[in-house]
Amino acid sequence: MGGGGGGGRGVWFGVAAGCAAAACVIAAALVSRRVRSHRRWQRAAELVAEFEEGCGTPVGRLKQVVDAMVVEMHAGLASDGGSKLKMLLTYVDSLPHGSEKGIYYALDLGGTNFRVLQVQLGGKGSNILKQKVEKQPIPQELMTSTCEKMFGFIASKLKQIVEEDEESREGTIETRALGFTFSFPVKQSSVSSGVLMKWTKGFSIEDAADRDIVACLQEALTKEGLNMQVAVLVNDTVGTLALGHYHDRDTVAAVIIGTGTNACYVERTDAIIKYQGLLTNSGSMVINMEWGNFWTSHLPRTSYDVELDEDSLNRTDQGFEKMISGMYLGEIARRVLFRIAVESEVFGDVGSKLSQPFALSTPLMATMHEDESADLREVKRIVEQTLQIPDIPLKTRRLVVKVCDIVSRRAARLVAAGIVGILKKIGRDGSGPSTSGRPKGQLMRTVVAVEGGLYEGYSMFRDYVDEAIVEILGDVAQNIFLKTTVDGSGTGAALLAAAHLSNRKSYI
Ligand code: BGC
């Protein structure tokens, strides 16, 4: 019995030992899986923390960016090539204010779409009577084609739209006048002529270099048999400023935050040292800063920005733009997420679309950032449909949102610093002596017109801009108003065409 009992105990012992061993193996596997998962998360969290640190924009750093912007503005106004900020003359020394009259067209070219507008102006005291807008995407292949193809395409669309418009109104206009918004750096020689300096935003049409852009368009219009005079050539910032000023006389600057980014403002001619002797009736001129190309070592630049620049069509150019604008924000986020995917495996298989440049657009990044659902289901949907990564857990979705937040917050705060830089340059930041004859501390109401898909469609971005302006300026921010204009870049060009053709005196 004893032996039998001992044998039974042995069997039991053997079974128990076997079970324990199996349990140990399972436990060990579980532990090692947990350890691996923990390590993966640790690595992912490290990468996010590193990225966040690299993108840091504490208020002290923003103030350094403000000061650098002012220094570069002075340098760019002192000599051509004196700064990465081009500070271009626009030959716009008068801004529309309401007495413009007649029907004008505008063509707005410079982003993902081009727009044709017909604007009917009612004259003294009346607002813009009517405005029609036709938006068309620019076929990708045209962006890197030839001048003839690009302008030929635009002229034929323009002709079609003008004819449809006139048919519906049952009447043609004797001399059709066009305001041409061309949103690239142009060295202007007059308000209606200018030579392209460089392409930006993914455009690259080589034979456009050194050619007068208005002549290119006018040639294409003639070929199409469309009788239309290009009255003014303006940057989109200038059009936006014109419409902003038309609605609110305290508007002194305009900023675009769309596919690209840029700003313009009203400068005194005596401050434009590089064109000494420049005379305008108003004593002022609108300066197209081309701030997308702004650079200072104070900008928070990460390895992702460096790599994005290296892979871009315009290396070493548009450094500020590459941290701010709609063309790049989604791509920066994608690069960060891809590195996390490779180094931590929290996204599972890396063979997803995440490895593909520009697979994540900025509008989708914004949608994920603004997802307010408890289970972040928009994030899940976009990651699944666009990046082809199925079923990521909530924790990973939160990580995606965090990355979007870092990218967007840095961009918005840099925009704020840029705006304050302009205000400081023109004495509207409350730091210098009052230029308005008012006692110090009593500041003038100052309006900045803002336009662009990124700004308009992304409320968290707008909030971050506002928040940073308040952080930098304190109470002075109460006098600063950012006002969104819609289709200002085009409508403003039509207004400027009207103002230019009626040849009135300046009244900035
Ligand atoms: C261009 C500017 C333009 C801005 C916004 C930049 O890439 O260089 O001329 O104003 O985009 O469209």
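Every value quoted in this text rests on a predicted model; they were computed, and no experiment measured them. (Residues numbered from 1 in each chain as written. Predicted model: local features only at pLDDT ≥ 70, side-chain atom pairs only at ≥ 80, totals over all residues. Heavy atoms only, no water.)

Draft legend 1. A look at the overall build of the protein chain. Each helix and strand counted, the protein chain has 14 helices and 13 strands in total. Among the 508 residues that make up the protein chain, the fraction classed as buried is 52%. Considering only contacts in the protein chain between residues 6 or more positions apart, those separated by 24 or more positions represent 72%. Element-wise, carbon and sulfur atoms account for 52% of the exposed surface of the protein chain, whose accessible area totals about 22200 Å². (Helix = DSSP H or I, 4+ residues; strand = E, 2+ residues; numbered from the N terminus. Buried < 20%, exposed > 50% of the residue type's maximum accessible area, 1.4 Å probe, protein only. Contact = heavy atoms within 4.5 Å. Areas by Shrake-Rupley, 256 points an atom, 1.4 Å probe, with all protein chains shown as cover.)

Draft legend 2. Up close: the side chain of Arg 428. Summarising the element assignment, Arg 428 is placed in the loop between helix H11 (394-425) and strand S12 (446-451). Buried and unpaired, Arg 428 has no salt bridge, with Asp 250 as the nearest side chain of opposite charge at 5.8 Å. Apart from the residues lying within four places of it in its own chain, the contact partners of Arg 428 are Val 252, Leu 423, Met 444, Arg 445, Thr 446, Val 476 and Ile 480. (Lys, Arg positive; Asp, Glu negative; His and termini not counted. Salt bridge = Lys/Arg side-chain N within 4 Å of Asp/Glu carboxyl O.)

Draft legend 3. How the structure looks around the packing of aromatic side chains. Counted by the stated rule, this structure contains 11 aromatic pairs. For the ring pair Phe 180 and Phe 182, a centre distance of 5.7 Å and an interplane angle of 50° mean the geometry is tilted. Each member of the pair, Phe 180 as well as Phe 182, is classed as buried. Arranged with centres 5.0 Å apart and planes meeting at 55°, the rings of Phe 182 and Phe 184 form a pair that is tilted. (Phe/Tyr/Trp six-rings, centres within 6.5 Å; stacked < 30°, edge-to-face > 60°.)

Draft legend 4. Region of the structure containing the sheet that holds strand S2 (residues 101-109). One open sheet holds the five strands; their spatial order is S4-S3-S2-S5-S8, and the pairing between them is mixed. Of all strands in the sheet, those bounded by a partner on one side alone are strand S4 (128-137) and strand S8 (228-234). The average undirected angle you get between the axes of adjacent strands in this sheet is 20°. (Pairing = 2+ DSSP bridges. Axes fitted to C-alpha atoms, helices over the stretch in contact; angles between N-to-C directions.)

Draft legend 5. Molecular detail of the site of the ligand. Surveying the vicinity of the ligand reveals 14 residues, the closest of which are Thr 200, Asn 235, Asp 236, Glu 290 and Glu 321. A distance of 2.8 Å separates an oxygen atom of the ligand from a polar atom in the side chain of Thr 200. Within the side chain of Glu 290, a nitrogen or oxygen atom sits 2.6 Å from an oxygen atom of the ligand. When the ligand sits alone it has 310 Å² of accessible area, and the protein chains cover 98% of it. (Near = heavy atom within 4 Å. Polar contact = N/O pair within 3.5 Å; in protein donor to acceptor, adjacent residues only side chain to side chain.)

Draft legend 6. Molecular detail of the sheet that holds S12. One open sheet accounts for six strands, arranged S1-S11-S10-S9-S12-S13; its pairing is mixed. In the strand order of this sheet, the two ends are held by strand S1 (88-89) and strand S13 (480-484), each with one partner. Pairing of S12 with S13, which is carried by five bridges, proceeds in the parallel orientation. Residue pairing for S13: Thr 446 is matched across the bridge by Ile 480. In this fold H11 packs onto strand S9 (251-257), strand S10 (261-268), S12 and S13, with an angle of close to 10° to the strand it touches most, S10.

Draft legend 7. Main features of the packing of helix H8 (residues 329-344) against H11. H11 packs onto H8 with a crossing angle of 140° between their chain directions and a minimal axis gap of 10 Å. Taken together, the axis directions place H8 and H11 in an arrangement best described as oblique. Here H8 and H11 pass one another in a crossing that is right-handed. Across from Leu 329, Ile 332, Ala 333, Val 336, Leu 337 and Ile 340 in H8, the residues of H11 making contact are Leu 399, Val 400, Val 403, Val 407, Arg 410 and Ala 411. Of the residues assigned to the contact of H8 with H11, the class counts are 11 nonpolar, no polar and one charged. (Parallel < 35°, antiparallel > 145°, perpendicular 65-115°, else oblique. Left-handed = near helix turned anticlockwise from the far one by under 90°. Nonpolar A, V, L, I, M, F, W, Y, C, P; charged D, E, K, R; others polar.)

Draft legend 8. The arrangement of the pairing of strand S7 (residues 193-196) in detail. Bridge count for strand S6 (residues 186-190) against S7 is four bridges, and the pairing is antiparallel. Within the sheet, the bridge partner assigned to Lys 187 lies in S7 and is Val 195. In this structure, the hairpin formed by S6 and S7 is closed by a connection of two residues.

Draft legend 9. Spotlight on the packing of helix H2 (residues 59-78) against helix H13 (residues 459-473). At a minimum axis distance of 10 Å, the contact between H2 and H13 shows a crossing angle of 85°. Our classification of the angle between H2 and H13 gives roughly perpendicular. The segment H2 lies against H13, with Val 59, Leu 62, Lys 63 and Val 66 engaging Ala 468, Glu 471 and Ile 472. Of the residues that constitute the contact of H2 with H13, the class distribution is five nonpolar, no polar and two charged.

Draft legend 10. Representation of the pattern of salt bridges. The tally for this structure, following the rule as stated, stands at 30 salt bridges. Where Asp 80 meets Lys 274, a salt bridge forms, and the shortest distance between an N and an O atom there is 3.2 Å. Of this pair, Asp 80 sits in the loop between H2 and S1 while Lys 274 is found in the loop between S10 and strand S11 (284-288), placing the two residues 194 residues apart along the sequence. You can call Asp 80 partly exposed: its relative accessible area is 47%. Residue Lys 274 is classed as buried on the basis of its relative accessible area of 16%. The network of salt bridges with common partners includes Arg 43, Glu 46, Arg 339 and Glu 343.

Draft legend 11. Structural detail: the nonpolar core. In this structure, Tyr 265, Met 289, Trp 291, Ile 340, Phe 347 and Phe 461 are the most contacted members of the largest nonpolar core, which totals 91 residues. For this core, the element with the highest residue contribution is H11, accounting for 17 residues. Beyond its immediate chain neighbours, meaning those up to four positions away, Trp 291 contacts Met 69, Leu 85, Val 255, Thr 261, Asn 262, Ala 263, Phe 320, Val 415, Gly 418, Ile 419 and Ile 422. Core analysis: the second largest hydrophobic core is formed by 36 residues, Leu 107, Leu 178, Cys 216 and Ala 220 among them. (Core = buried A, V, L, I, M, F, W, Y, C linked by side-chain atoms within 4.5 Å.)

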